[in-house]
Protein chains: 6
Amino acid sequence: MAAAIKLNGFPCKAAITADDFFFAGLKNAGNTNNPAGSNVTAANVQSFPGVNTLAVSMARIDYAPGGQNPPHTHPRATEIIFVTQGILEVGFITTANKLFTKTVTVGDVFVFPRGLVHFQQNRGRGPASIIAGFNSQLQGTQVIATTLFAAAPPVPSDVLAKAFRIDNSQVDAIKAKFM
Amino acid sequence: MAAAIKLNGFPCKAAITADDFFFAGLKNAGNTNNPAGSNVTAANVQSFPGVNTLAVSMARIDYAPGGQNPPHTHPRATEIIFVTQGILEVGFITTANKLFTKTVTVGDVFVFPRGLVHFQQNRGRGPASIIAGFNSQLQGTQVIATTLFAAAPPVPSDVLAKAFRIDNSQVDAIKAKFM
Amino acid sequence: MAAAIKLNGFPCKAAITADDFFFAGLKNAGNTNNPAGSNVTAANVQSFPGVNTLAVSMARIDYAPGGQNPPHTHPRATEIIFVTQGILEVGFITTANKLFTKTVTVGDVFVFPRGLVHFQQNRGRGPASIIAGFNSQLQGTQVIATTLFAAAPPVPSDVLAKAFRIDNSQVDAIKAKFM
Amino acid sequence: MAAAIKLNGFPCKAAITADDFFFAGLKNAGNTNNPAGSNVTAANVQSFPGVNTLAVSMARIDYAPGGQNPPHTHPRATEIIFVTQGILEVGFITTANKLFTKTVTVGDVFVFPRGLVHFQQNRGRGPASIIAGFNSQLQGTQVIATTLFAAAPPVPSDVLAKAFRIDNSQVDAIKAKFM
Amino acid sequence: MAAAIKLNGFPCKAAITADDFFFAGLKNAGNTNNPAGSNVTAANVQSFPGVNTLAVSMARIDYAPGGQNPPHTHPRATEIIFVTQGILEVGFITTANKLFTKTVTVGDVFVFPRGLVHFQQNRGRGPASIIAGFNSQLQGTQVIATTLFAAAPPVPSDVLAKAFRIDNSQVDAIKAKFM
Amino acid sequence: MAAAIKLNGFPCKAAITADDFFFAGLKNAGNTNNPAGSNVTAANVQSFPGVNTLAVSMARIDYAPGGQNPPHTHPRATEIIFVTQGILEVGFITTANKLFTKTVTVGDVFVFPRGLVHFQQNRGRGPASIIAGFNSQLQGTQVIATTLFAAAPPVPSDVLAKAFRIDNSQVDAIKAKFM
């Protein structure tokens, strides 16, 4: 049984074919009908086992008008993007707390260094989409707002209140939005 | 001139002595009289050039009563801590959005995997302090609240409002606290 | 002077801006009016210095009808591609001498493991193009036919004749095509 | 059964909790009633499986008055120490055969580069102790005297005699001390 | 059963002996009675499991008079050679398409950087042989002519014809030589 | 001036030739007329700058009758050897203090894992020699006896006395042999 043989924690198939190195899952736009107005479709080792040990993956990100890929980090990968549709404001913040931001459009490339908080905000009238390349088979993602306000079990409200310099009730109000 | 010769972006001295591998800067508690009620004193390549190319560094973190090291990430290092004083609630959130949290006291060890959001909150009556080891000469730090609400130039308020599901005026109120 | 300060052999700028992480050079199709009928436009550290130390790069490859990106290797990178236009036959050969090949079209993803000989052949009636992600700031490329038959100084003809089991005059005829 | 699933040679648990990232084993001083007058308590992947794949570990080392952590190497890690009690003479020897040595006391930090022979000698009147951070989940240790004079099977005496420029009977006398 | 326990895809033995780190398979010259007039005998993880995780391997290469190790690449290793017999013309081609070539004889050392096409051609009257060191437990090899003209299934002839600027019948003639 | 441009701390030449990848210094046996009765001739980045960034090096080791390469470590490399002349007893000690030893002769291969103490002792009647491959451009070497008893400044005698369980006068007698 294939599942019984693993390399690096993922299946190591004895009989591989070209289809193992092929992935059709980025063909169509993801469903952006959600609070962020965006959708990340990943071609990483979880959806596309053929990249196991190859240290690359891809993703397609779609944005409704007004949608955003909210501030987030990838603990294990630098990300390089190519805009395939629309107009986006993109940016990342350095460890010296400088924001580097740029408005990008079809054909533009931008890079987000490993582990730094970054975001993309649709600034056009129509939908937008990008293709992202990662130098990891599994980049990992922490969407900051969700990580802090919607973890299970929850991050203690007083920890967040002190961190954001708001009061507990404000923290709880934000938490309620993510339930 | 030492500054003229660099390796890996940091000074590479021609004449080294034992003092280059020694650092006395963690001897005393840092000043915790600040909004977070904590202070990080780093022994990394910026303060302690002798760790250049050695892929390790240390830090001492002090906490006033009620103080916290707010939720933050280190893009380039896993952190392992040893509690030297007091009682702390520590935790990190995974990429699957699970919080792993524990109350630790003198002599306890806890580990925060590379790149994940984590925090320490003083839960004792008196001051607390820890020694942290990192597997990088320069771990880098992004304190989440500061990164998002106090970057220069500022992260656009509408981006943050949508991300945290609050309105722009609430974002601006938080930003004002960090000025 | 920026050129005087280097990190990793490439410029390390003292004053960076968002433009350093931005590259517009992949916006337009490259000129495919050449013997291969294809054009590789690179967004790597040579054209896009901002990826220095970030271990990623991108390229846009355009194919005229009938064009090909001939069999080649990247010594320093795995490549993952996303098809943006047309129909391509793509493939790589393993160290066990197996060919893995697939016909891919718009939105498909395929991966070429580090260092292995691979190619893309336009099999559609119109032009084709792809976006490639690499896990290196400078993937390096060896186009096999050019490497062997058009190096300077030339690879000795008898070495090539024996390798391809042809005679010296046939080698020289191929060499003449690449002058 | 958890033990049946391994990643990197160590258990990979399906259900992890905060306790997996917590270790209480460094709380108390180790027993220094032994010939070296010291004790190393390790928080590495063998005692603390939660550091598996995280590339860090810690240790607590205690020294009786007059005790030492004898000259030894860690094949897989650089070590950075923080003195928590007492006065120690610490040192390492470079590949150019230079000794870098320093007397350190509470709160001091010193670093021992990966793979180099190093030692700590208690030079105070009372006990001493340190916390060590390593950039490996399993640093490995070779205590030189034990490695050479107490291996099983034994290193041939004539090899050691020639190496240390003593005679075989002197080698055998040292070996006898380690039985 | 040893085969049931694997680390890194290769057997991880519970009871190891000195013989696991020993390999006698390079003692004798390989059989060079083949079209290339050469033979590569490998001491890598497939023949010599003891190098698993150690990131080194060796090979012995023997050349009949007139024999060659044809142009090939190692996707995973730099190679450094020591000539033990005879006179060889050795060379590699860079990604800038420059050939670096040298005639080497007994006792000479030459290095072929990771992933670049290289070859060795016997230029003496008698047999030749070398010892090669690799910085990988499994260097991998792609002999260019075999990779392109003898893969299974075959690389399409029109792809090769366009790449080498010859016609399909010439491609098929070369393919026939490798059957 | 070439010396003014460095990459990785070593010269990075603007104009390279095949000679940069060639080294003739291992052709002849080194002078073994010394206390160890052996000689290590290195082809590493210090003598052979062309291996800079390539992560390989070689060495030739010659042994007079009765000579030895005394117990030593390489902090930065695994070593794989090929015997070119004579009969040697070779061995290394693990971190579990097990000695793995073997008598090897012409054509045999043996591997010494990174960082572990190892030795080679000529056990034949005539001279012996080996070729060693390393997976580092600069393996580094610590000959244990020299490191401990002949460092400058000296390792304190009481540290060594306690470590080897001998008295200070015996330590000083050994030190005197290395002056």
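Bear in mind that the values here come from a model prediction, so they are computed numbers and not experimental data.

Conventions and cut-offs
- Residues numbered from 1 in each chain as written.
- Chains lettered and ligands numbered in written order.
- Predicted model: local features only at pLDDT ≥ 70, side-chain atom pairs only at ≥ 80, totals over all residues.
- Heavy atoms only, no water.
- Least-squares fit on C-alpha atoms with pLDDT ≥ 70 in both.
- Contact = heavy atoms within 4.5 Å.
- Domains from an automatic or database assignment.
- Buried area = accessible area lost by both parts, 1.4 Å probe.
- Salt bridge = Lys/Arg side-chain N within 4 Å of Asp/Glu carboxyl O.
- Polar contact = N/O pair within 3.5 Å; in protein donor to acceptor, adjacent residues only side chain to side chain.
- Nonpolar A, V, L, I, M, F, W, Y, C, P; charged D, E, K, R; others polar.
- Pairing = 2+ DSSP bridges.
- Helix = DSSP H or I, 4+ residues; strand = E, 2+ residues; numbered from the N terminus.
- UniProt positions renumbered as here; feature names shortened; annotations may be inferred.
- Buried < 20%, exposed > 50% of the residue type's maximum accessible area, 1.4 Å probe, protein only.

Student: What is the right way to read the relation of the copies chain B and chain A from this model?
Tutor: The pair of chain copies shares a relation made of a rotation about an axis and a shift along it. Each copy superposes on the other: chain B lies on chain A with an RMSD of 0.0 Å after a rotation of 180 degrees and an axial shift of 0.0 Å. Put plainly, the chains are arranged around a two-fold axis. Looking at chain B, 100% of its interface residues are interface residues in chain A too, so the copies touch through the same face.

Student: I would appreciate a short explanation of the domain arrangement of chain A in the present structure.
Tutor: Residues and elements named next belong to chain A. Looking at the assigned domains, one finds that chain A contains domain 1 (2-140) and domain 2 (141-179). A C-alpha centroid distance of 25 Å is found between domain 1 and domain 2. At the interface, nine residues of domain 1 touch four residues of domain 2. Of all residues in domain 1, Pro71, His72 and Thr73 bury the most surface against domain 2, accounting for 52% of the area lost on that side. Connecting domain 1 to domain 2 are zero salt bridges. Seen at the junction of domain 1 and domain 2, the total is three residue pairs in polar contact (both at pLDDT 80 or more). Partitioning the side of domain 1 that touches domain 2 into residue classes produces four nonpolar, five polar and no charged.

Student: What exactly am I supposed to notice about the sheet that holds strand β12 (residues 128-134) of chain E here?
Tutor: Strand pairing in a sheet is mediated by backbone hydrogen bonds. Such pairs are either parallel or antiparallel. A sheet is described by the order of its strands in space; here six strands give the open sequence β4(E)-β5(E)-β12(E)-β7(E)-β10(E)-β3(F), paired in antiparallel fashion. In this open sheet, the two edge strands, each paired with only one partner strand, are β4 (38-43) of chain E together with β3 (22-23) of chain F. Direction of pairing for strand β5 (residues 57-63) of chain E relative to β12(E): antiparallel, over a ladder of seven bridges. Residue pairing across strands places Arg60(E) opposite Ile131(E), the latter belonging to β12(E).

Student: Honestly, the UniProt feature "binding site: Mn(2+)" (unreviewed entry) in chain A in this entry has me stumped. Any pointers?
Tutor: Residues and elements named next belong to chain A. This chain's UniProt record puts "binding site: Mn(2+)" (unreviewed entry) on His72, His74, Glu79 and His118. These residues run over 47 residues, yet every pair of their C-alpha atoms falls within 11.8 Å of each other. Relative to the assigned elements, His74 resides in the loop between β6 (68-73) and β7 (79-85). When residues no more than four places from it in sequence are discounted, the contact partners of His74 are Glu79, Arg114, Gly115, His118, Phe134, Gln139, Gly140 and Thr141. One polar contact links His74 to Glu79, side chain to side chain, over a distance of 3.0 Å. Residue classification places His118 among the buried residues on the basis of a relative accessible area of 2%. Among all residues touching His118, those that are not within four sequence positions of it are Pro70, Pro71, His72, Thr73, His74, Glu79, Gly91, Phe92 and Phe112. Here His74 takes part through its side chain, which lies 3.5 Å from a polar atom of the side chain of His118.

Student: Sorry, what's going on with the UniProt feature "domain: Cupin type-1" (unreviewed entry) in chain A here?
Tutor: The UniProt record marks residues 24-172 of chain A with the feature "domain: Cupin type-1" (unreviewed entry), using the residue numbering of this structure. Taken end to end, residues 24-172 of chain A is 13% helix and 39% strand, and its first and last C-alpha atoms sit 41 Å apart.

Student: What is the right way to read the sheet that holds strand β4 (residues 38-43) of chain F from this model?
Tutor: The antiparallel open sheet is built from six strands, whose spatial order is β3(E)-β10(F)-β7(F)-β12(F)-β5(F)-β4(F). A strand with exactly one partner marks an edge of an open sheet, and here the two such strands are β3 (22-23) of chain E together with β4 of chain F. As paired elements, β3(E) and strand β10 (residues 109-112) of chain F share two bridges and run antiparallel to each other. Residue pairing in the sheet places Phe23(E) in a bridge with Val109(F) of β10(F).

Student: Can you walk me through the pattern of salt bridges in this structure?
Tutor: Side-chain pairs of opposite charge can arise where the charged atoms are in close proximity. Applying the stated criterion across every chain yields a total of 30 salt bridges over all chains. Arg123(B) is the partner of Asp158(A) in a salt bridge, and the nearest nitrogen-oxygen pair spans 2.5 Å. Of this pair, Asp158(A) sits in helix α2 (residues 157-164) while Arg123(B) sits in the loop between β11 (118-122) and β12 (128-134), each in a different chain. Of the charged contacts in the structure, one is a salt bridge between Asp62(B) and Arg60(B), with a shortest N-O distance of 2.9 Å. Among the charged side chains, a salt-bridge network with shared partners connects Glu89(A), Arg123(A) and Asp158(B).

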